[in-house]
Amino acid sequence: MLNNNKSSPSPDETRKAHPTTTHPDLDFFDQGGDLQRTLSRSATRNSVMTTATQDPLAEDGQFDYKSHLQHALRKGDREGVLQRELGVAFADLTVTGDGSGIAYGPTVGAILTGITRIGSAVKASRHPVRKNILSNFTGSVKPKEMLLVLGRPGSGCSSLLKVISNNTEAFVSVDGEISYDGATPKEMKKHHAGDVAYLPEDDHHLPNLTVGQTLTFAAATRTPASDARTGTRSEAVADTRDVLISLFGLRHTLNTKVGNDIVRGVSGGERKRVSIAEMMTTGAKIACHDNSTRGLDASTALEYARSLRIATDVGHLATVLSIYQCGEQIFTLFDTICVIYDGQQVYMGPMGEAVNYFVEMGYEPQNRQTSADFLVAVTDPKGRFVRAGYESRVPKTATEFAQYFRDSEIGKRNVASARALLQKGDDTEARLERYRESARREKADHLRKDSKYIISFPMQVRLCMTRRYQMQMGEIATLAVTTIAAIFQALIIGSVYFQMEKTTAGFFSRGGVIFFAILYNSFTGMAEITVSYSQRPIIVRQRQYAMCRPMADILAMNIVDIPFKAVTIFFFDLILYFMVGLQTSASQFFVFFLFTFVTNLAMLALFRCLASANRHEPQATMMAGIIVLIVAIYVGYSIPRPSMHVWFRWLSYAQPVSFGFEALLTNEFRTLNVPCAGLVPSGPLYPGVALANQVCSTAGSTAGSSIVIGADYLAVSFGYYWSNAWRNLGIIFGYLIFFLGINLVTTEIQPDESASGGVMIFKRGAAPKELAGAIEGASSGDEEKGTVATGNFGDNKTSDKNQEDAAGKLEAATDVFTWRNVRYTVPIKGETRTLLRDVSGFVAPGKMTVLMGESGAGKTTLLNVLAQRVTMGVVTGDMLVNGKALPISFQRQTGYCQQQDTHMATTTVREALVFSALLRQPAQTPKAEKLQYVEEIITLLEMESYAEALVGEVGMGLNVEQRKRLTIAVELAAKPALLIFLDEPSSGLDSQSSWAIMQLLRKLADHGQAILATIHQPSSELFQVFDRLLLLKKGGETVYFGDLGPNSETLIEYFGSRSDLKCGPKDNPAEYILEVIGAGAGAKASADWHQLWKESEEFKQTQRQIDDYHQQFAGQVSAADKAPDSGRSYAAHTTTQISLVTQRVFQHYWRDPTYVMAKVMLNIVAGLFIGFSFWNTPNDVSGLQNKLFAVFMAVVMAAPLSQQLQPKFIGLRTLFEARERPSRMYSWPALVFSSVIVEVPWNLFAGTIFFLCWYYTVAFPSDSNRVGYAYLLLMLFEIYFASFAQFVAALSANSMMASILFSTFFSFVIIFNGVVQPVSQLPYFWRAWMYRLTPFTYLIEGLCVNAMHGIKITCTDSQFTFLTPPSGQSCLDFLEPYTNSTIGYAQEVAGKCGYCAYSSGDQFLATLGMSFNHRWRNIGFMCAYIVFNYAACFCFFYLVTIFDWSSFSLGKKKPKADAVPEKVPAEQNV
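Since this is a predicted model, take the numbers as computed values, not measurements.

### Looking at the overall build of the protein chain
Helix and strand counts for the protein chain stand at 55 helices and 30 strands. Counting the 1470 residues in the protein chain, one finds 60% classified as buried. Considering only contacts within the protein chain whose residues lie at least 6 apart along the sequence, 79% involve residues at least 24 apart. Of the roughly 55,000 Å² of accessible surface on the protein chain, a fraction of 58% belongs to carbon and sulfur atoms.

Here you go:
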């Protein structure tokens, strides 16, 4: 830690600094000795020149840095290790990107009327709008230099870092000169990509790998060959990993999963450090860190910046950082500062001269404003202050600032320095050649010396295989669930087809079970699409780091998958094969296993290929759905290949499953010679009939024989032959190699999707006039209108008078909220952990209280406990309003601004505020008054210019600051009577935006609001806005609660009197107190500050103050209790809730055309595809089967449609749980009702289109009675499957679980409907109840009897079975008694006696147990199932989401019924 006896330079002091930047000795940054210990280990390995050294993971050990550094250099020189360094220079750098930065939001209506805008769309594609992201940048970063890039969000900071790091694929063009010490960007990207690295702001890692595994892999991929390292490869890898985990305080997380938002792992701050450590394994000579301090507390951010300073100086690196909130101590670590203003370079020069440059320009720093904040403030028209006398002389626009800089002495020095580095001379060439030689020595054997990778492709594959195995082991629970699901499916299918008959009656069933077996194993790979997209950012980033080729990872994944998939499929096949009674020879079983396994691998490669070939997941999912439909229909079961229409027959050859199906079917039937189950004629009317006069009605039979040869049956019915089996295996392998090849190639060229510019989206027709023209210009391809700078949107400043008038109309708080001895414990792995320990405090009207502490101290946890937003664990202590118990309406009468800024993406800013006001303000308040209040809030928060903008997502909607303002506005619109809680209101914002938010909060407090907020990295300015501080240390223990005092004097006095460390007059008090109490990864406290607090007079004063408040307000009724609706949990009446929520959900669907059009298009494609596959089905025997499967396939289409709608339901529930339920905005029945009712009209609309595409192309009966009935039943089914999917979603925790459960339930109920296994052959157990329980029995019966009742069947010549009647009898005379008593008819065909299996559709239906008389009964049953589903949806939503199950646990506190369920407070990392 830094020596705090010295104060940090202030802007005033920095202003006077000498232009030449100097830095303290490295020992100054490394007082703990970790860095020295780290550097010494590799330096002293196997050396005779040793000093005392310890493992980097050791808890103690001190090293002399200088002697060990000298030793390391001598050792490297002696062993021939050629060191290298790299700098970058650029001149006249201009970067352009796509788009104008503003657009209209999409709607279903805009899609439908899009044909009217085809002309402008074509014109726009021919003349796309371009915008300048960076303009005329010049500068350089030399080795051992650190550059800090400052600017407001959207100004171009990230873009500059990407250009410097040669990560430019997201830009349209990059013009100007860029040189990496003589090397071109093209050379660097092609040959030295790992030497120039960019660390993005977001942290994406493979969540199921541990920290140690993540860093070991990264280090192994970047460990150089023996000529460029000391020690063995394994020692070098271990050294690198151990050094980094020691340097970044990650020792305790070595065996902890990295995790993500779903998988529990390390904390957010630790995950950020993993990202930094991973990048440092690359050995990058130029490292660019994009806002890497986001989410870190002040102490951790400072330690991180110090570690980069050390690494830069020791490793001769060039380091570039962009930081939104940069403290003074961090600022002084840099050599050079670059300030960007709306894409213009307005300063690039020494750190020590930066503040003085802008002061001389005419701008004035504010009291206690940090240097970085001042430099950013001058680029904000609302945040800068002009010095007296300079009002007319200072530059005001970005262009004027840039020109002023170019004309300045610093600007000229900057240009001269960059130009000098860009000029090529003999020394440049010599340095570049030395650099290239050093890089060549790093390459492994058998690797091209000009490759950008360090290790060879086989080495990459081996490392990726190890990593993939570790990932599988990390996801062992998922693997177990997958295997259990496979076993469950095998048991169900096996029981349905249990011990099939060894007669011809089992032929159809054997085809069915093989059909299910190969399809199930083929379609399990669909889940790989989602997995592939979730892993893509990591793979792309590691390609940019030159760690490994993406194709090496894909190849490794396919290899590692083999044993795991083999185990799952083996268990599935083993159970199914012997349960159903397939041929019991070892050879046939292993052939069955071989083909199901290989087909699974081929389809797995196909789905992965779709994922890698499509940039966006919805496209890949849609294509996968179409492929699933193709395979299901054209595998050869539902339509045998000879019966396929010629225009679609090629589809049976265009995928591998049909070849596997042929091999499996012929494998079974090649030895299956069985007796006929139904000889014609037979029965009591034919006593003693000779076998010579009988024939089996099964295809492939021979007249006069009772035995049917299985191979003949397949040859006649399907055109399948066993002789094709091994040819088919080769074809499947060919498809596998083909799909894998496409996967490898497309994975290698995937673009980086993380890079995209920000776009503000407005509701169509509602954009402000000054922007409407720009949007229309963008739409029409008008470059003059379309090029608009996004940074100016929403910057219109409201007049101070209007703001004051709006603030004066706020609801002022009059009550005091107190808490005493609050303790919170949670169960963790069978034990209890205390997260908060006896915390006391209060919030008074008109006061702002800040809640601070290091990461893991429990800040957010305390906020959630006080706001009554926890359900798990036990909370004890007193939380009172005016000394009385919390009112029922407490959650509704308080505002809670979450850190995540959770909002519905498709609403506008004004709509979100109106929704909050109408539902949360008292029902007695007139609607006009509520709407007027919303307008006052919009004025107060300066949101007029984007009030009609859609919330959207970050990057495609409101920016971070605007979203934060909206979060606060939504809570203010509710007129909270008690207080406002805010969790990290400045997180993710730049210093100016943070200051604007704090000014807003101060204004609210000055007008009577009571405010309690947590904050991570407050500057001195931000800190002084607050009145009181509650400071926590790790373990949830109070360190201080009380007033800050003027200039924080009261606070400083408290800590200064108890510590040797003193706070200088220019130090940041917030950073000072964190340092004093030992906050930070490597810091230690000098005393037990919690105990000091308990013994202090301030603690006693706090307790007395709480007692005084209780006595003072004892007789005062709180504002919440005074309200006319004080006894109600919800302000709005139920009917109002349902009306407003339903209106919002319908609007949400209307503005999400991607979802709606995907639903409609899937119905259109499926309807046409099924219809033309069964085109104009004739009334013959095969036509009956085709009609049956045309109905069955139409029903199966419910599966992908349901998979589409479940995420929508769960998304609405997530928003409700996260923000709207704990705020008591509306009740859960209103949400469930609106969520289910909104699907009905869209499903009916899409289902109608499907019906028109499907019904008439198949040639079902066209009379109005039949058409009307079919349409009615299909529409009921559209409602049924939506309600069924929503009921499953209601009992699922997330979309993945909902998908798994729905697939399991759907496959479970659809198999018992009598189509794939006739009801007569179902085992009695299933036939007795499940056949009658599944709704698909009644649905398919209704559609089939409606389609086939009363039709006359006429066999084609090939469909007749020929026999020889006894001598002297005609064909008709011989068979008439049989056809009259059973089914079918007889007819002479070309002189032969032929028998047709069916004479009418009703005879075929009777064999399936279907009757035309059940038509309307089936309608009634479907209605009953729909009612049941909706009832189950409400019931399970309540039981899973609302009901308090903890009430069944003894000794646990029963949480509030409407408290937010939370996993575990993320801050505590448990």
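Now that the structure has been shown, the text picks up again.
### With respect to the sheet that holds strand 29 (residues 1385–1389)
Pairing is antiparallel across the open sheet formed by 3 strands, whose spatial order is 28-30-29. In the strand order of this sheet, the two ends are held by strand 28 (1361–1363) and strand 29, each with one partner. Taking the axes of each pair of neighbouring strands and ignoring which way they run, one obtains an average angle of 40° across the sheet. Contacts from helix 53 (residues 1371–1381) reach strand 28, strand 29 and strand 30 (1392–1396) within the one sheet, and its direction differs from that of strand 29 by about 160°.

### Quick word on the confidence of the model for the protein chain
Summing up the model confidence of the protein chain, the mean pLDDT is 83 and the portion of residues at 70 or higher is 88%. Per-element mean pLDDT across the protein chain ranges from 35 in helix 29 (residues 783–786) up to 96 in strand 9 (residues 336–341). Predicted confidence for residues 61–70 stays below pLDDT 50, and this span has 24 contacts to residues more than four positions away or in other chains. Residue range residues 1449–1470 is modelled with pLDDT below 50. Its contacts to residues more than four positions away, or to other chains, number 74 contacts.

### Quick look at the packing of helix 49 (residues 1264–1290) against helix 50 (residues 1295–1310)
For any two helices packed against each other, one specifies the crossing angle of their axes together with the interaxial distance. The N-to-C vectors of helix 49 and helix 50 enclose an angle of 130°; their axes lie 9 Å apart at closest approach. Regarding the angle of helix 49 to helix 50, the classification is oblique. Here helix 49 and helix 50 pass one another in a crossing that is right-handed. Every residue of helix 50 that contacts helix 49 at Phe-1284, Ala-1285, Val-1288 and Ala-1289 is listed here: Ala-1298, Leu-1301, Phe-1302 and Phe-1305. The class makeup of the residues in the contact of helix 49 with helix 50 is 8 nonpolar, no polar and no charged.

### Looking at the pattern of salt bridges
Taken as a whole and judged by the stated rule, the model has 50 salt bridges. Taking the shortest distance from any N to any O, the salt bridge between Arg-309 and Asp-313 comes out at 2.7 Å. One end of the pair, Arg-309, and the other, Asp-313, are both in helix 11 (residues 298–315), 4 residues apart, so they sit about a helical turn from each other. Like Arg-309, the residue Asp-313 is buried in the burial classification.

### Regarding the packing of helix 33 (residues 909–920) against helix 43 (residues 1134–1150)
As a packed pair, helix 33 and helix 43 sit with axes 10 Å apart at the nearest point and diverge in direction by 165°. Overall, the two elements helix 33 and helix 43 adopt an arrangement that is roughly antiparallel. Seen along the crossing, helix 33 lies across helix 43 with a hand that is left-handed. Along the contact surface, helix 33 presents Glu-911, Phe-915, Leu-918 and Leu-919, while helix 43 presents Thr-1136, Gln-1137, Leu-1140, Val-1141, Arg-1144 and Gln-1147. The residue makeup of the contact of helix 33 with helix 43, split by class, is 5 nonpolar, 3 polar and 2 charged.

### Things to note about a nonpolar patch on the surface
A cluster of nonpolar side chains, Val-646, Trp-647, Leu-1168, Phe-1172 and Trp-1175, forms an exposed patch at the surface whose accessible area comes to about 460 Å². By the element assignment, Trp-647 lies in the loop between helix 24 (617–634) and helix 25 (657–669). In this structure Trp-647 comes out as partly exposed when scored by relative accessible area, which is 38%.

### What to know about helix 34 (residues 927–940)
For helix 34, which comprises 14 residues, the first-to-last C-alpha distance of 20 Å matches the rise-based estimate of 20 Å (1.5 Å per residue) to within 8%. Looking only at helix 34, the buried set comprises Lys-930, Tyr-933, Val-934, Glu-936, Ile-937, Ile-938, Thr-939 and Leu-940.

### What to know about the environment of Arg-413
Relative to the assigned elements, Arg-413 resides in helix 16 (residues 409–422). For Arg-413, a relative accessible area of 38% gives the class partly exposed. Separated by 64 residues in sequence, Arg-413 and Gly-349 have C-alpha atoms that sit 8.4 Å apart. Within the structure, the side chain of Arg-413 is placed 3.1 Å from the side chain of Glu-353, a separation counted as a polar contact.

### A few points about the side chain of Thr-379
The residue Thr-379 is located in the loop between helix 14 (371–377) and helix 15 (398–407) in this model. Taking the relative accessible area as the measure of exposure, Thr-379 reaches 4% and is therefore buried. Only 2.6 Å separates the side chain of Thr-379 from the backbone oxygen of Val-376, close enough to count as a polar contact. In this view, Thr-379 contacts Arg-152, Val-339, Ile-340, Tyr-341 and Arg-384; residues no more than four positions away in its chain are not counted.

### A word on the pairing of strand 19 (residues 874–881)
Bridge count between strand 16 (residues 817–828) and strand 19: 7 bridges; the pairing is antiparallel. Among the inter-strand pairings, Arg-823 is bridged to a residue of strand 19, identified as Thr-876. Taken together, strand 19 and the strand that follows it, strand 20 (residues 884–885), pair antiparallel across an intervening segment of 2 residues, in which Asn-882 is found at a positive phi of about 55°.

### Some points on the state of the cysteines
What the rule picks out here adds up to 3 disulfides. Disulfide pairing places Cys-1371 opposite Cys-1393 at an S-S distance of 2.0 Å. Because the torsion about its S-S bond is 70°, the bridge between Cys-1371 and Cys-1393 counts as right-handed. In this pair, Cys-1371 sits in helix 53 while Cys-1393 sits in strand 30, placing the two residues 22 residues apart along the sequence. Here Cys-1393 falls in the buried class, since its relative accessible area comes to 4%. The disulfide pattern of the protein chain is 1-2, 3-6, 4-5 when the bonded cysteines are numbered in sequence order.

### Quick word on the environment of Leu-606
Considering the arrangement of structural elements, one finds Leu-606 in helix 23 (residues 586–613). Owing to a relative accessible area of 8%, Leu-606 belongs among the buried residues under this scheme. Along the sequence, Leu-606 and Ile-742 sit 136 residues apart, while their C-alpha atoms lie 8.9 Å from each other.

### Details of the nonpolar core
Core analysis: the largest hydrophobic core is formed by 301 residues, its most contacted members being Phe-1055 and Trp-1254. The leading source of residues in this core is helix 49, at 18 residues. Trp-1254 has contacts with Gly-1167, Ile-1170, Gly-1171, Ala-1190, Val-1191, Ala-1194, Phe-1260 and Leu-1274, leaving out every residue within four places of it along the chain. Core analysis: the second largest hydrophobic core is formed by 92 residues, Met-188, Ile-245, Phe-248 and Val-355 among them.

### Quick notes on unusual backbone geometry
In this structure, Pro-681 follows Val-680 across a cis peptide bond, with omega equal to -10°. Backbone geometry places Lys-144, a non-glycine residue, at a positive phi of 70°. Note that Lys-144 resides in the loop between strand 3 (130–141) and strand 4 (145–150). Of note in this structure, Gln-868 is not a glycine but carries a positive phi near 60°. Judged by its relative accessible area of 9%, Gln-868 is buried.

### Quick word on the environment of Asp-1402
Along the polypeptide, Asp-1402 turns up in helix 54 (residues 1401–1407). Excluding residues within four positions of it along the chain, Asp-1402 makes contact with Met-1348, His-1349 and Gly-1350. A distance of 2.7 Å separates polar atoms of two side chains, one belonging to Asp-1402 and the other to His-1349.

### Quick notes on the pairing of strand 8 (residues 318–322)
Within strand 8, 5 of the 5 residues are buried, which leaves it mostly tucked inside the rest of the structure. Going residue by residue along strand 8, you find Ala-318, Val-320 and Ser-322 tucked away on one face and Thr-319 and Leu-321 tucked away on the opposite face as well. Two elements, strand 4 and strand 8, share 5 bridges in a ladder whose sense is parallel. Looking across to strand 8, one finds that Glu-145 is bridged to Ala-318. Inspection of the sheet shows strand 7 (residues 286–290) paired to strand 8 by 5 bridges, in the parallel sense. Residue pairing across strands places Asp-290 opposite Ser-322, the latter belonging to strand 8.

The rules behind these values
Residues numbered from 1 in each chain as written. Predicted model: local features only at pLDDT ≥ 70, side-chain atom pairs only at ≥ 80, totals over all residues. Heavy atoms only, no water. Helix = DSSP H or I, 4+ residues; strand = E, 2+ residues; numbered from the N terminus. Buried < 20%, exposed > 50% of the residue type's maximum accessible area, 1.4 Å probe, protein only. Contact = heavy atoms within 4.5 Å. Areas by Shrake-Rupley, 256 points an atom, 1.4 Å probe, with all protein chains shown as cover. Pairing = 2+ DSSP bridges. Axes fitted to C-alpha atoms, helices over the stretch in contact; angles between N-to-C directions. pLDDT = per-residue confidence, 0-100. Parallel < 35°, antiparallel > 145°, perpendicular 65-115°, else oblique. Left-handed = near helix turned anticlockwise from the far one by under 90°. Nonpolar A, V, L, I, M, F, W, Y, C, P; charged D, E, K, R; others polar. Salt bridge = Lys/Arg side-chain N within 4 Å of Asp/Glu carboxyl O. Patch = residues over 30% accessible without salt bridge, like charges linked within 9 Å, V, L, I, M, F, W, Y side chains within 5 Å. Expected span 1.5 Å × (residues − 1). Polar contact = N/O pair within 3.5 Å; in protein donor to acceptor, adjacent residues only side chain to side chain. Disulfide = S-S within 2.5 Å. Core = buried A, V, L, I, M, F, W, Y, C linked by side-chain atoms within 4.5 Å.

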